[in-house]
Amino acid sequence: MLDMGSLYGLTTAGPPDLAVLTGPDPGPAEQTFLIHRADTASDLATYHGLRRETFVAEQGLFQGTDFDDVDDDPRSVVLVAAGPDGTVLGGVRLAPVTDGVDLGWWTGGRLVVDRHARKGHGIGKALVRAACAYAETHGVLRFDATVQSRNEPMFVRLGWERVTDITVAGQPHVLMRWPIDRIERLARSTKAILAEALAPLESAPSALGGSGFRGDDGAPVPGTDLIAACDAIVPSMVERDPEWAGWCAALVNLNDLSAMGADPVGLLDAVGAPNRSILTRVIRGLSRASAAWGVPVLGGHTQVGVPGALSVTALGRTTDPVPAGGGRTGDELRLTADLSGSWRTGYGTQQWDSSSERTRDDLTLLGSYVRRTRPAAAKDVSMAGIAGTTGMLAEACGTGAVLDVAAIPAPAGATMGDWITCFPGFAMISADRPGRPHDVDTGPATSAVCGQLTTEPGVGLRWPDGVITRAVHSTVTGLGTA
C-alpha cells in the first residue's frame, strides 16, 4: 500500500503537521470593529475622553479641554469605531459649517483613535472613509477637514485634496477637501451622450430646434407660431407608479413649453402597457393633469400587452419664443421655483412634488412666468437638476456659470445636495441683463438671483467664504452653443 506520508515527505509518527496544507498559524486575531453613529451618552463620553487624552494630555494642543462651539451644535454628528464588546476605540466629528440654514458645506475634525488601538488596525482610515460616506449620503456638496500636517499623506492616499497650510493651536495643519462629484456624475449619466447620439439628425436646417434653439426644451415648428415638445417617462416608473407617470408626462412637457414662453394648446400621448390595469391608471393620471392645467389631450396611440412605455408631445404657441441660448457673459442667473410640497413617496431625494395639490390658477400663473418676464434665456429644470440644467443653459449661451449656494431658493425639507440634483416639480433657471427690473407676480413660486454667466466652462458653486468648487467641469450635453 502506498504510504502518502512518505510520498509527500510527511511523517506519520505522532500527530500529523498539516501546516503544509493550511498555511502557518495566523496567530492572534486582528482587532475587529464596527463604525456607527454615536447615539448614547456613554459612547459620546468615551469619545470625548479619548479626545482629551490625545489632544490635551498627549499632544498638548489645547489647555484643559478641546471642546468648542461645534460640540454644542445639535446638528453635529459623531461616528465611533466600537470593538466586539462595544468599547469605543476611536471616533470622528462632522458638522455643517454655516449657522442657521445648512447649505451643504460640512467640515470634519477631531479624529481620534485610542493609543492602544493605533497600530495596524486601520481604525483611523476607516473612520475617515465613513465620514466621507456619511457626508455624501446626507446631501453634503463641500466637505473640508483640518488635519495635522503629519497626517496629510494618509488623507491624500484616501483621495483627499490638499488646499492650503494653516495653523491651529500653534501647530502646523493642512486644510484638506474631499472631492464630491455628485453633480458631475448626474450630468454625465443623464445628458453627456446627447451630442454623439443625436449627431445623425443634424443634417436638416431646422434639426434639433434649428439655429438659435439648438437642443432647447421645445422646438419651433418652421413656418408657424407652434412650439413642440416631447418627453418620455422611464418605463419602470410607468409600471411601478402608473398614475404618477401619467401626471409627470404632462408636467414635464408643459414645463418645456413654459420655458419657451409658449401658451399650451394640447397634448398627444403614446402609451404602452402590459395590461389593462396599468393602462387605465396611466390614462387616469394623464387625464387628471389635463384637467388641472386645462390643456386637452388631442389624441395619440395606445397599445396593450407590451412593456410599459409612455411618451407625450405638447404643442404650444408663441410668436417670439425665449431661447435657452440667449444669455451672455455677465448676465444674472435667477432661479424661480415652487418650494411647497415634499418628496414624492417612493422617490425621496429624486422627485419633489410641488404640483399635484396646486389649483389651475396657480399652475397657469407658474406656467406663464417666462412669457410674462421674457428673460434673455430660460430653461426648465430637468432630471439633470438645478446645477446640471444651469450648465445646459450656459452651454447653449456659449458661457460657463457660477451659482451662489447661499442664494439658491430651497425648501426646508430637502438638503442642498438633494435639492440641486433632483427634479423639482416647477423650477425655471433664467439669465438676464444685470439690474433689469423683476416686478412680475411669481405666484406660489420663490424667485431670486443666485449666480452669473461666466467665461469659464462648466458650473461652479460659490460658497459664503468666496471659495468656488467645480460642480460641472465642462459642457453638459456637448451640443454646443445654440
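Residues numbered from 1 in each chain as written. Predicted model: local features only at pLDDT ≥ 70, side-chain atom pairs only at ≥ 80, totals over all residues. Heavy atoms only, no water.

**A short note on the environment of Val113**
What counts is decided by this rule: Only runs of H or I of at least four residues qualify as helices and only runs of E of at least two qualify as strands under DSSP, and these elements are numbered from the N terminus. Each residue is placed in one exposure class: buried if its accessible area under a 1.4 Å probe, protein chains only, is under 20% of its type's maximum, exposed if it is over 50%, and partly exposed if it falls in between.
Take Val113: it is sitting in strand 4 (residues 105-113). Look at Val113 and you get buried, because its relative accessible area is 13%.

**Quick word on the side chain of Ser354**
Going by this rule: Residue contacts are counted whenever heavy atoms from the two residues lie within 4.5 Å of one another.
Turning to its location among the elements, Ser354 is positioned in the loop between strand 15 (352-353) and helix 12 (360-367). Look past the residues within four positions of Ser354 in its chain and what remains in contact with it is Asp338, Ser340, Gly341, Pro424, Gly425 and Phe426.

**So, unusual backbone geometry**
Among all residues except glycine, the phi angle is most often negative; among peptide bonds, the trans geometry is most common. Here Thr349, not a glycine, exhibits a phi torsion of approximately 70°, which is positive. Judged by relative accessible area, Thr349 falls into the partly exposed class, the value being 36%. Phi at Arg374 is positive, roughly 45°, even though this residue is not glycine. Take Arg374: it is sitting in the loop between helix 13 (369-373) and strand 16 (377-380). Residue classification places Arg374 among the partly exposed positions, given a relative accessible area of 32%.

**Quick word on the sheet that holds strand 18 (residues 427-432)**
For clarity, the cut-off: Whether two strands pair depends on DSSP finding at least two bridges between them. Only the contacting stretch of a helix is used when fitting its axis, a line to C-alpha atoms as for every element, and angles between N-to-C directions run 0 to 180 degrees.
What the 7 strands build is an open sheet, ordered 16-18-13-19-17-20-21; its pairing is mixed. Two strands in the sheet have a free side with no partner beyond their single neighbour: strand 16 and strand 21 (468-472). Strand-to-strand twist across the sheet, computed as the mean angle between neighbouring axes with direction ignored, equals 30°. The sheet strands contacting helix 10 (residues 242-259) are strand 16 and strand 18, and the helix crosses strand 16 at an angle near 175°.

**As for the packing of aromatic side chains**
Rules: Any pair of Phe, Tyr and Trp rings, taking the six-membered ring for Trp, is counted once the centres come within 6.5 Å. Such a pair is stacked with planes under 30 degrees apart, edge-to-face with planes over 60 apart, and tilted for the rest. By definition here, charges over rings are those cases where NZ of Lys or CZ of Arg is within 6 Å of the ring centre and within 35 degrees of the ring normal.
Applying the stated rule across the entire model yields 8 aromatic pairs. On the numbers, 5.1 Å between centres and 85° between planes, the contact of Trp343 with Trp352 is edge-to-face. Trp352 matches Trp343 in its accessibility class, with the two residues each being buried. Residue placement shows Arg142 over the ring face of Trp105; its charged tip is 4.0 Å from the ring centre. Stacked on the ring of Trp244, the Lys or Arg Arg344 has its end atom at 4.0 Å from the ring centre.

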